[in-house]
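# Observations on chain architecture
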Amino acid sequence: SSTLLSNGLVFISGGSSDFFNGITSDESKGLTKSTIQFYNPTTESFSLVSNKSGGNLALQTSRFLHSSVLLPNGYVAVIGGSNIKQANSSTVVANPVSLIEVFDPDLLTF
């Protein structure tokens, strides 16, 4: 999902690294795999958001078909969706996600 922030950047979240295990990078190119990204419309560029440890910031729960909402305090709430996992080589399982994750665009808390 994507949400326009008050600073002009676009918050982008979602995907599932579990679902894409074993898929080559060419097949999954362009998919977020549960990471958090910003899109800057001024420079027309995407950037992964780093966590305090230097890795990529990711959702606590992988999800598809979710919503993200800009809250009055400037935070972003990531709500609902499905956690999709591969059960075997030909079957996937979609479980509803009940956890709401709240993101602080200042990257101090998530």
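Above this text sits the structure in question.
It should be emphasised that the depicted structure is a prediction, and the values quoted were computed from it without experimental measurement.

Residues Leu-5, Phe-11, Ile-36, Phe-38, Val-49, Leu-57, Leu-59, Val-76, Val-78 and Phe-103 constitute the largest nonpolar core, which totals 10 residues. Contributing elements (two or more residues each) for this core: strand E3 (36-40) and strand E6 (76-79). Leave out the neighbours within four places in its chain, and Leu-5 touches Phe-11, Phe-38, Leu-70, Val-76 and Pro-105.

Read across the sheet, four strands follow the order E1-E2-E3-E4 without closing on themselves; strand pairing throughout is antiparallel. A single partner strand is all that each edge strand has here, and the edge strands are strand E1 (2-4) and strand E4 (45-48). Recorded for the sheet is a direction-independent mean angle of 25° between the axes of neighbouring strands. Of the pairings in the sheet, the one linking strand E2 (residues 10-13) to E3 comprises four bridges and is antiparallel in character. Directly across from Ile-12, in E3, lies its bridge partner Gln-37.

Before going further, it helps to examine the pattern of salt bridges. Using the criterion set out here, one finds one salt bridge in the structure. With a closest N to O distance of 3.0 Å, Glu-101 and Arg-63 form a salt bridge. Note that Glu-101 is positioned in strand E9 (residues 101-103) and Arg-63 in the loop between E4 and strand E5 (67-70), a separation of 38 residues in sequence.

What follows is about the packing of aromatic side chains. Taken as a whole, this structure holds three aromatic pairs when the rule is applied. The interplanar angle of 45° and the centroid separation of 4.7 Å between the aromatic rings of Tyr-39 and Phe-46 together place this pair among those described as tilted. Taking relative accessible area as the criterion, Tyr-39 reaches 22% and is therefore assigned partly exposed. What makes Phe-46 exposed here is its relative accessible area of 54%. Ring-pair connections join several aromatic residues into one group, and the members of that group are Phe-11, Phe-38 and Phe-103.

For the rest of this paragraph, the subject is the pairing of E2. Where burial is concerned, the two faces of E2 agree: the one with Val-10 and Ile-12 and the one with Phe-11 and Ser-13 are both buried. Bridge analysis of E1 against E2 gives three bridges, and the strand direction is antiparallel. Within E2, the position partnered with Thr-3 by the bridge is Phe-11. Counted between consecutive antiparallel strands, the loop separating E1 from E2 contains five residues, among which Gly-8 sits at a positive phi close to 95°.

It is worth spelling out the sheet that holds E9 at this point. Reading across the sheet, the three strands line up as E5-E6-E9 and stay open at both edges, with antiparallel pairing between neighbours. The open sheet terminates on both sides in strands that have one partner only, identified here as E5 and E9. When strand polarity is set aside, the average angle formed by the axes of neighbouring strands in this sheet is 25°. In the sheet, E6 pairs with E9 via three bridges, with the strands oriented antiparallel. Within the sheet, the bridge partner assigned to Ala-77 lies in E9 and is Val-102.

Parameters at a glance
Residues numbered from 1 in each chain as written. Predicted model: local features only at pLDDT ≥ 70, side-chain atom pairs only at ≥ 80, totals over all residues. Heavy atoms only, no water. Core = buried A, V, L, I, M, F, W, Y, C linked by side-chain atoms within 4.5 Å. Buried < 20%, exposed > 50% of the residue type's maximum accessible area, 1.4 Å probe, protein only. Helix = DSSP H or I, 4+ residues; strand = E, 2+ residues; numbered from the N terminus. Contact = heavy atoms within 4.5 Å. Pairing = 2+ DSSP bridges. Axes fitted to C-alpha atoms, helices over the stretch in contact; angles between N-to-C directions. Salt bridge = Lys/Arg side-chain N within 4 Å of Asp/Glu carboxyl O. Phe/Tyr/Trp six-rings, centres within 6.5 Å; stacked < 30°, edge-to-face > 60°.

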